[in-house]
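Summary of the model geometry
In case you want the letters, here they are:
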Amino acid sequence: MVRILLPDGGRLEARPGERIIDAIPKGLGLVAKINSQLVDLTSQVSEGVDEIIILNFNSREGRQVYWHTSSHIMAQAVKRLFSNAKLGIGPAIDEGFFYEFDTSGKSFSPEDLERIENEMRNIVKEDLPIVREEIRKDNAMVLFEKRGEPYKVELLKEIEDKIVSIYRQGEFMDLCRGPHLPSTGYIKYLKILYASSSYWRGNERNPVMQRIYGISFPRKEILEEYLKRREEAKRRDHRILGPQLDLFSMPSEIIGPGLVIWHPKGAIIRRIIEDFLVRVHLKWGYKLVYSPHIAYTNLWKTSGHLSYYRDFMYVFDKEGIEHAVKPMNCPFHILVYKSRRRSYRELPLRFFELGTVYRYERSGVLHGLLRARGFTQDDAHIFTTPEDLEKEIYNVIELDEYLLRSFGFKEFKVELSTWDPGHPEEYMGSEEDWLRAQSSLERALRKKRYDYDIMEGEAAFYGPKIDVKLVDSIGREWQLSTIQLDFNLPKRFNVTYVDADGNEKTAVMIHRALLGSIERFFGILLEHYEGNFPLWLAPIQVRILPVADRHVGRAREILQVLDEAGVRADLDEARGTLGYRIREAELGKVPLLLIIGDREVESGKVAVRRKGEGNIGDIELKEFLNAYRKDFIPPDMR
RNA sequence: GCCCCGGUAGCUCAGCUCGGUCAGAGCGGCCGCCUCGUAAGCGGCAGGUCGCGGGUUCGAAUCCCGCCCGGGGCUCCA
């Protein structure tokens, strides 16, 4: 007998020869896993198998299969409605699935998509059994040739196996590795999300495909929650919120794409962030440096960036010498280091700069503040001895966590990118350097008790790195901090120090940007808080609202007290009704309102209203200041 | 860069299919009235090279071409 593990932890037994699906309660699973290999539920239990694990929608693999089958249903629906559409590929993706078709360049209209979605529901209702077949590759090629599916034939050509699998459901058939759900009826709630064009195999020289994205769920509530979350994300879009709250704008048709102008309210937030960063870095032993925005391109020739990076650089000529706007700060920081000979006694040296760089990103990848052409890195380069590397890395991680927590983020994901041990020749530096460095990074992470994923082969050619992603208020992940070792630049620039033994040694260099880019971080922060910045960052912390003209005098007195206390406050003179001005303040996301009417003038108190909470009562002005004193100022000054 | 979609008042958008009172609405702005107690008081006024350039036409926001800018997408491998 074979042991079966159910998703709910239950156990069953099955006889060899029996179909898995017949051995388990109906509807309990989506797909089975045998020796870490996914198989159809409709496959038979074979002899000699120890254990079969049944997966449902709660597992990643279960979801992937669910969505993969959904993509086949989409393809079937499209073939029913547009019989001359040619099938491309249709995988499950992180969230949902897509299928792409060659429709001779004709795109799907919203009405088409609606019809496709309805046809998909029909196919679900038909509950067609999904059947796996294994056939010889050459037969498969004839088969797909006959069905007029040139892309499938092309894919087949590249498959090396002699036997391939195809899946059938009703009149539909697809080349597919599988596995799939037992029948189309397993898909309960589905939705087409959007369509767009793409290239066959992502190559712009290939034919244009029309790609349709969709999502599906076993329960209605999850679908609704998912759609709500998408709406939520749309509502938080920093590209809408930014101009709406008068924080920044990107008048690209006037100044060019990917560039930001900061309005007063955005600029003050940015300045508060930057001041905070500078203070904290100084406290953590970094030295502040500045470097120019342009330099001879030769500088980047020395660094080796030019050959690889040239297309991303703004290059121009002056007096016959080629200059470039800096796309990165590292060479300058190296020059600071190299301005004189360094002794091991002064290491580690940590140079910090809010360095504004410009990179000519391809127009298609630009996305508001999140991907701009001009942006400011919270950049630092640490020069250290190999002996101190682990300690330095540990400190950087600690600083990173402090910074991110200060901005209200609580959940992080850490990735350690290492080299591919199979191809040491593709990397700069000796095997010894790499192994030692990688284990330094790993020890630092372990000492910090971080869970981390090792991404083997993901390191850059010049060194391993640690990436930190954060999770925002609606569960989205953002790649933020990067801590990167560099074996390359110290050699190219001959970055050395005199060690205790009198010998000149090459320093180890760490690049690190913790918020990454101030612009991008600002965009993430804006979306995370939906514009409701924590008090210490709010551009206007307190607004004073006199009820009528006769209260303006008292309101001015209060404004002065707040000004003197260093609180960012303004006064909304008594124009229009109180209700109107409150609404304006709420929409403008002003966190605290002080309302001054007859009662307050009389008592000398202030009526406090907190955004989103409403009136919280009258208190003395002094008490009010006391209550919020800490929240008004940056975390490091509390 | 390439493909699809889009660009009309500061903002959101209608008008474009079938060229001719099609230059509109709401919000915002400004001016007046109202002096007001916790998310929109009332009235009036101003505001647009219909993204830019060219073409077709007696006539173009509307049709055609080019350009600029924006949005989505461009393997997460049958």
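All values reported here derive from a predicted model rather than from experimental measurement.

Overview of the overall build of chain A
For chain A, the count of helices and strands is 20 helices and 33 strands. Principal axes of the C-alpha set define a box for chain A whose edges measure 85 × 75 × 55 Å. For chain A, buried positions account for 52% of its 638 residues. Across chain A, every contact between residues at least 6 apart in sequence was considered, and the portion connecting residues at least 24 apart equals 68%. One finds the centroid of the 95 positive side-chain charges in chain A at a distance of 1 Å from the centroid of its 99 negative side-chain charges.

Structural notes on the protein's contact with RNA strand B
Around RNA strand B sit 52 residues, and of these Ile159, Ser197, Tyr199, Ser363 and Asp598 come closest. Counting only the atoms of RNA strand B that lie within 4 Å of the protein, the sugar and phosphate share comes to 50%. Within the side chain of Arg550, one N or O atom sits 3.3 Å away from a phosphate oxygen of RNA strand B. Between RNA strand B and Thr577, the relevant distance is 3.0 Å, taken from a phosphate oxygen to a side-chain nitrogen or oxygen of the residue.

Describing the sheet that holds strand β30 (residues 569-571)
Across the sheet, five strands lie side by side as β30-β29-β31-β32-β33; this open sheet has mixed pairing. Of all the strands in the sheet, just β30 and β33 (614-620) have a single pairing partner and so form its edges. Between one strand axis and the next, the sheet turns by 25° as a mean value, whatever way the strands run. Direction of pairing for strand β31 (residues 592-596) relative to strand β32 (residues 605-610): antiparallel, over a ladder of four bridges.

Some remarks on the sheet that holds strand β19 (residues 321-325)
Strand order in this open sheet of three strands is β17-β19-β18, and the pairing throughout is antiparallel. Of all strands in the sheet, those bounded by a partner on one side alone are β17 (294-296) and β18 (315-318). Across the sheet, the mean angle separating the axes of adjacent strands is 35° when strand polarity is ignored. Pairing of β18 with β19, which is carried by four bridges, proceeds in the antiparallel orientation. Residue Asp317 lies in a different strand from β19, and its bridge partner there is Glu322.

Points about helix α4 (residues 137-146)
Taken as a whole, α4 has its buried residues at Lys137, Ala140 and Phe144. Buried residues of α4, seen end-on, are gathered within an arc of 50° and therefore sit on one face of the element. Exposed residues on α4 whose side chains face more than 90 degrees from its buried face are Val142, Glu145 and Lys146. On its buried face, α4 sits against β9 (130-136), α5 (150-158), β10 (163-169) and β11 (172-175). Among the residues trailing α4, Gly148 stands out with phi positive, at a value near 70°.

Structural notes on the pairing of β19
Of the pairings in the sheet, the one linking β17 to β19 comprises three bridges and is antiparallel in character. Note that in β19 the partner of Ala295 across the bridge is Ala324. Taking the residues that link successive antiparallel strands as the turn, the β18-β19 hairpin has two residues, and the phi of Glu319 there is positive, at about 50°.

Some words on the side chain of His68
Of note, His68 is situated in helix α2 (residues 60-81). The residues touching His68, leaving out its near neighbours within four places in the chain, are Gly90, Ala92, Cys176, Pro179 and His180.

As for the environment of Met328
With respect to the secondary-structure elements, Met328 resides in the loop between β19 and α12 (330-337). A relative accessible area of 6% places Met328 in the buried class. Ignoring anything within four residues of it in the chain, the contact list for Met328 reads Trp300, His305, Tyr309, Val357 and Arg359.

A look at unusual backbone geometry
That bond from Leu347 to Pro348 is cis: its omega, -5°, falls within 30 degrees of zero. Mapping Pro348 onto the fold places it in the loop between α12 and β20 (349-358). Here Asp127, not a glycine, exhibits a phi torsion of approximately 50°, which is positive. As for its placement among the helices and strands, Asp127 is situated in the loop between α3 (110-126) and β9. Overall, the relative accessible area of 40% leaves Asp127 in the partly exposed class.

Considerations on the nonpolar core
The biggest cluster of nonpolar side chains holds 63 residues, and the ones touching the most others in it are Ile273, Ile393, Phe407, Ile466, Phe522, Leu525 and Leu537. Of the residues forming this core, the biggest block, eight residues, is contributed by helix α13 (residues 389-406). Ignoring sequence-local partners within four residues, the contact set of Ile466 consists of Ile393, Ile397, Val414, Glu415, Leu416, Leu441, Leu445, Ser481, Thr482 and Ile483. Of all hydrophobic cores here, the second largest spans 37 residues; its members include Val65, Ala77, Leu113 and Phe217.

About the cut-offs
Residues numbered from 1 in each chain as written. Chains lettered and ligands numbered in written order. Predicted model: local features only at pLDDT ≥ 70, side-chain atom pairs only at ≥ 80, totals over all residues. Heavy atoms only, no water. Helix = DSSP H or I, 4+ residues; strand = E, 2+ residues; numbered from the N terminus. Buried < 20%, exposed > 50% of the residue type's maximum accessible area, 1.4 Å probe, protein only. Contact = heavy atoms within 4.5 Å. Lys, Arg positive; Asp, Glu negative; His and termini not counted. Charge placed at Lys NZ, Arg CZ, Asp CG, Glu CD. Near = heavy atom within 4 Å. Polar contact = N/O pair within 3.5 Å; in protein donor to acceptor, adjacent residues only side chain to side chain. Pairing = 2+ DSSP bridges. Axes fitted to C-alpha atoms, helices over the stretch in contact; angles between N-to-C directions. Arc of directions from axis to C-beta. Core = buried A, V, L, I, M, F, W, Y, C linked by side-chain atoms within 4.5 Å.

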